Amino acid sequence: MKKIPVLLMGCGGVGRHLLQHIVSCRSLHAKMGVHLRVIGVCDSKSLVVPADVLNEELNDKFLSEVCRIKSTGSPLSTFGALEKGEFRVFNGSESRKKAEEIAELLGKSTGLAVVDCSATMETIELLMKAVDLGCSVVLANKKPLTSTLEHYDKLVLHLRRIRHESTVGAGLPVIASLNRIISSGDPVHRIVGSLSGTLGYVMSELEDGKPLSQVVQAAKTLGYTEPDPRDDLSGMDVARKALILARLLGKRLIMDSIKIESLYPEVMGPGLMSVDDFLQNGIVKLDQNIEERVKRASSNGCVLRYVCVIEDSSVQVGIREVPKDSPLGRLRGSDNIVEIYSRCYKEQPLVIQGAGAGNDTTAAGVLADIIDLQDLFP
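The following refers to the structure shown. As the structure is a prediction and not an experimental result, all values here were calculated from the model.

**Details of the pairing of strand E5 (residues 113–116)**
So, step 1. Burial along E5 is two-sided: the face carrying Ala 113 and Val 115 and the face carrying Val 114 and Asp 116 are both buried.
So, step 2. Where strand E1 (residues 2–9) lies against E5, four bridges are found, and the strand directions are parallel. Bridging across to E5, Val 6 finds its partner in Ala 113.
So, step 3. Direction of pairing for E5 relative to strand E6 (residues 136–139): parallel, over a ladder of four bridges. When the bridges of E6 are listed, Val 115 appears paired with Val 138.
So, step 4. Handedness of the crossover joining E5 and E6 through helix H5 (residues 124–132) is recorded here as right-handed.

Next comes the structure, spelled out in structure tokens:
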């Protein structure tokens, strides 16, 4: 049985679902001759590890308890009061130091898959050290790949040892498909994508004549948006995904290079207006402009979609009119879609479409990435 040691950073929604998938897929992975040995789980403040990381692991019963405790909003430090001989809890700076020790210990012996399911920039330092120590890296967290070009170059220095399918389109095979096209020598000259389930839902609902304010309120009620919907409406999440795709194509761009259209003006930003004030008094002021744009698009036989467009050295993110009968125009609900244009896919693009959001789907993509690294482990 091939054993892959896994250190998980971030056990929020995606991280918890990943642990659940690992436990539920034991028999499937056993048939494949693979065993994922979870040797550490950490949140923003604590790290839990077995007493002997070289020979032991956090068992499935313990992993299920981690999921239960984190689902209640409690921190991993809760395990400190329960600490027994079979596991240890490290807090604060000790947790980061211990994680680095584990990376050094296993990176040069059995190998280690460092999995980042967090949503923070604070993991970058550990990821850089993990790469230096020969560890493999699996990312659902977009921020390390959209940091400085220096950080990006370091992360992708050994392409065989990094996987990040779930950073764009959740579990959709966008990165893998793009890599195959690039590897074949087929030059990609244009990518158009609707990469936000939230904004996809908002745009498709506007077609029915509903005001933007009502649609955003409904999306928030359905759980499609962040607690502050402006995190979605700003377009920054789409911009990060677009930057990842552009850098994959070899474009030396930074976030400031991207033209981003926010759905709200700066005067309604988080620093100037509370969430409640924005939802009750701010967003309604945006209804008329969006309604006019919807009608104008309709008169042209088009609909509005919030998309990223990557072409030549340009990356743009914002609302565009697209033909109603195009793949983008037919998109409904919270699905994602990516159109890739290349020499081979010149007139008819390669279209990848499906569920592009959700903790379950994203975690499944992360798990597939970990399994895809199995040939690197003894």
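**A few points about the packing of helix H7 (residues 174–183) against helix H11 (residues 236–248)**
Axis angle and axis distance: for two packed helices, these are the angle between their axes and the distance between the axes, and together they describe the pair.
So, step 1. The contact between H7 and H11 brings their axes to 11 Å, and the two run at 20°. In terms of axis orientation, H7 runs roughly parallel to H11. Both H7 and H11 take part in a crossing whose hand is right-handed. From H7, Val 174, Ile 175, Leu 178, Asn 179 and Ile 182 reach across to H11, where they touch Ile 244, Leu 245 and Leu 248.
So, step 2. Residues that form the contact of H7 with H11 fall into these classes: seven nonpolar, one polar and no charged.

**Brief notes about the pattern of salt bridges**
Side-chain pairs of opposite charge can arise where the charged atoms are in close proximity.
So, step 1. The final tally for this structure, using the stated rule, is 21 salt bridges.
So, step 2. The salt bridge involving Lys 154 is made with Asp 132; its shortest N-O contact spans 3.2 Å. In this pair, Lys 154 is assigned in helix H6 (residues 149–155) and Asp 132 in helix H5, connecting sequence segments 22 residues apart.
So, step 3. According to the relative accessible area criterion, Asp 132 is exposed, its value standing at 56%.
So, step 4. Between Glu 207 and Arg 305 there is a salt bridge, and its shortest N-O distance comes to 2.5 Å. Note that Glu 207 is positioned in the loop between helix H8 (197–206) and helix H9 (212–221) and Arg 305 in strand E10 (residues 302–311), a separation of 98 residues in sequence.
So, step 5. The class for Glu 207 is partly exposed, based on a relative accessible area of 30%.
So, step 6. A residue is classified by how much of its surface remains accessible, and Arg 305, at 1% relative accessible area, is buried.
So, step 7. Bridged by salt links that share partners, the residues Arg 96, Glu 100, Glu 125 and Lys 129 form one connected network.

The rules behind the values
Residues numbered from 1 in each chain as written. Predicted model: local features only at pLDDT ≥ 70, side-chain atom pairs only at ≥ 80, totals over all residues. Heavy atoms only, no water. Buried < 20%, exposed > 50% of the residue type's maximum accessible area, 1.4 Å probe, protein only. Helix = DSSP H or I, 4+ residues; strand = E, 2+ residues; numbered from the N terminus. Pairing = 2+ DSSP bridges. Right-handed = clockwise from strand over helix to strand, strands pointing away. Axes fitted to C-alpha atoms, helices over the stretch in contact; angles between N-to-C directions. Parallel < 35°, antiparallel > 145°, perpendicular 65-115°, else oblique. Left-handed = near helix turned anticlockwise from the far one by under 90°. Contact = heavy atoms within 4.5 Å. Nonpolar A, V, L, I, M, F, W, Y, C, P; charged D, E, K, R; others polar. Salt bridge = Lys/Arg side-chain N within 4 Å of Asp/Glu carboxyl O.

No statement about biological role is implied by the geometric values presented.
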